[in-house]
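# Descriptive structure summary
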Amino acid sequence: MTKWLILIGVILVLCIAEWMREIFTFKITHYEIVSDKLNALKEEQKVVFLTDLHNNSYGKNNEKLLTAIKNQKPDLILIGGDMLVGKPDILTEVAEHFVGKLTEICPTYYANGNHEQRMKIYPEKFGTKYHEYKSVIEKTGVRFLENEHVDLIIDDCEIQIHGLEIPREGYKKFRKTFISLEQIEECIGKADVTKYQILLAHNPIYTDTYLKWGADLVLSGHLHGGVVRIPGLGGVITPQFCLFPKYSGELTVKDGKSVVVSKGLGTHTIRIRFLNPAELIVLHLRGK
């Protein structure tokens, strides 16, 4: 009996140590993104994808995270939302300082997550907090994509980046709300299939509809990797309290189209990660 108690105690200590390690560190994940629609690129394009920081800070003023991004020498930085925590009593300075430094590295585009969206659409609760946050960051050169897109021409390759804000009911807890193709098109229009389409869409639950819309590369986050990951099964639970989501923290390639779901860089409310380290994602885009 004593041996079993000691064994259980050792396992518990190791689990707590791993949980604490994952809360305060991040890893760098590299994904190869290959498409014949990128064949006009003369050189590989390196894109850093960030999401779900939730005001977390790696070192003073996020110096560790900024240094890691600089060391990757990206051509582009894309943000998938939830860089702060959308609560009235929580300050925005951590996210403002971090995001504001990114354009010193390379061009940066920012699509909102549910936390930024919540702040924007409930002024009776948040006042002008969202617009003040956005204004501070825009002054540094960051471009927000709020159901908008930007056209890039790199070499002879035409790339379109869309920032999608789905209707708020898409984030309701305890159930998956259906989001139709028509609703997405109402937000961002029809996809121009002649261009390589990058879709920043915070919630990956609706990935199959994003692909049907015409996305060549879907970039999502929101699920924090499923909080706890089980090898072979993936993430366990979503913020909507749905179990074992189809996409939770991986690269999936379907019919030549790529889906990247980040495990995110932070936590909020319940600070739990297990077998699920925070991650900075680096995408290597090239033609076939």
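Here goes a summary of the coordinates provided. Note that this is a predicted model, so its numbers are computed, not measured.

## Looking at the pairing of strand S13 (residues 257–261)
- With respect to burial, S13 is a largely interior element, 4 of its 5 residues being buried.
- Across 4 bridges, the pairing between strand S9 (residues 217–220) and S13 is parallel. Opposite serine 220, over in S13, you have valine 261 as the bridge partner.
- The sheet contact formed by strand S12 (residues 251–254) and S13 spans 4 bridges and is antiparallel. Bridge assignment links leucine 251 to a residue of S13, and that residue is valine 260.

## Some details on the side chain of asparagine 62
- Within the fold, asparagine 62 resides in the loop between strand S2 (45–50) and helix H2 (63–72).
- Judged by relative accessible area, asparagine 62 falls into the buried class, the value being 0%.
- Polar contacts involving the side chain of asparagine 62 include one to the main-chain carbonyl oxygen of asparagine 56, which spans 3.0 Å.
- Ignoring sequence-local partners within four residues, the contact set of asparagine 62 consists of Leu53, Asn56, Ser57, Val94 and Phe98.

## A word on the nonpolar core
- One finds Leu50, Met83, Phe98 and Val99 to be the most contacted residues of the largest nonpolar core, which totals 29 residues.
- At the level of elements, S2, H2, strand S3 (76–79), helix H3 (93–102), helix H6 (129–138) and strand S14 (278–286) are the ones that each hand at least two residues to this core.
- Beyond its immediate chain neighbours, meaning those up to four positions away, phenylalanine 98 contacts Leu50, Leu53, Asn62, Leu65, Leu66, Ile69 and Met83.

## Things to note about unusual backbone geometry
- Even without being glycine, asparagine 147 reaches a positive phi, approximately 55°.
- You can see asparagine 147 is positioned in the loop between strand S5 (143–144) and strand S6 (148–154).
- Phi at phenylalanine 244 takes a positive value of approximately 45°, unusual for a residue other than glycine.
- With respect to the secondary-structure elements, phenylalanine 244 resides in the loop between strand S11 (234–235) and S12.

## With respect to a nonpolar patch on the surface
- On the surface, Leu12, Ile16, Trp19, Met20, Phe24, Ile270 and Ile272 cluster together into a nonpolar patch covering about 660 Å² of accessible area.
- Its place among the elements puts methionine 20 in helix H1 (residues 2–24).
- Residue methionine 20 is classed as partly exposed on the basis of its relative accessible area, which comes to 35%.

## Remarks on the sheet that holds strand S4 (residues 108–110)
- If you walk across this open sheet you meet the 6 strands as S1-S14-S2-S3-S4-S5, and the pairing is mixed. Pairing within the sheet leaves two strands with one partner each, and these edge strands are strand S1 (26–34) and S5.
- Here S1 runs beside S14; their pairing, made up of 9 bridges, is parallel. In the sheet register, isoleucine 33 faces S14, and the bridge partner there is leucine 285.

## Brief notes about the sheet that holds strand S7 (residues 157–164)
- Strands sit in the order S6-S7-S8-S9-S13-S12 across an open sheet of 6 strands; the sheet is mixed. One side of each edge strand has no neighbouring strand; the edge strands of this open sheet are S6 and S12. Averaged over all pairs of adjacent strands, the angle between strand axes in this sheet comes to 15°, irrespective of strand direction.
- With 6 bridges joining them, S7 and strand S8 (residues 196–201) adopt parallel strand pairing.

## Looking at the packing of H3 against H6
- At a minimum axis separation of 9 Å, H3 and H6 run at an interaxial angle of 25°. When the axes of H3 and H6 are compared, the pair comes out roughly parallel. As for how H3 packs across H6, the hand of that crossing is right-handed. The segment H3 lies against H6, with Ala95, Glu96 and Val99 engaging Tyr133, Val136 and Ile137.
- Looking at side-chain class alone, the contact of H3 with H6 contains 5 nonpolar, no polar and 1 charged residues.

The rules we used
- Residues numbered from 1 in each chain as written.
- Predicted model: local features only at pLDDT ≥ 70, side-chain atom pairs only at ≥ 80, totals over all residues.
- Heavy atoms only, no water.
- Buried < 20%, exposed > 50% of the residue type's maximum accessible area, 1.4 Å probe, protein only.
- Helix = DSSP H or I, 4+ residues; strand = E, 2+ residues; numbered from the N terminus.
- Pairing = 2+ DSSP bridges.
- Polar contact = N/O pair within 3.5 Å; in protein donor to acceptor, adjacent residues only side chain to side chain.
- Contact = heavy atoms within 4.5 Å.
- Core = buried A, V, L, I, M, F, W, Y, C linked by side-chain atoms within 4.5 Å.
- Patch = residues over 30% accessible without salt bridge, like charges linked within 9 Å, V, L, I, M, F, W, Y side chains within 5 Å.
- Areas by Shrake-Rupley, 256 points an atom, 1.4 Å probe, with all protein chains shown as cover.
- Salt bridge = Lys/Arg side-chain N within 4 Å of Asp/Glu carboxyl O.
- Axes fitted to C-alpha atoms, helices over the stretch in contact; angles between N-to-C directions.
- Parallel < 35°, antiparallel > 145°, perpendicular 65-115°, else oblique.
- Left-handed = near helix turned anticlockwise from the far one by under 90°.
- Nonpolar A, V, L, I, M, F, W, Y, C, P; charged D, E, K, R; others polar.

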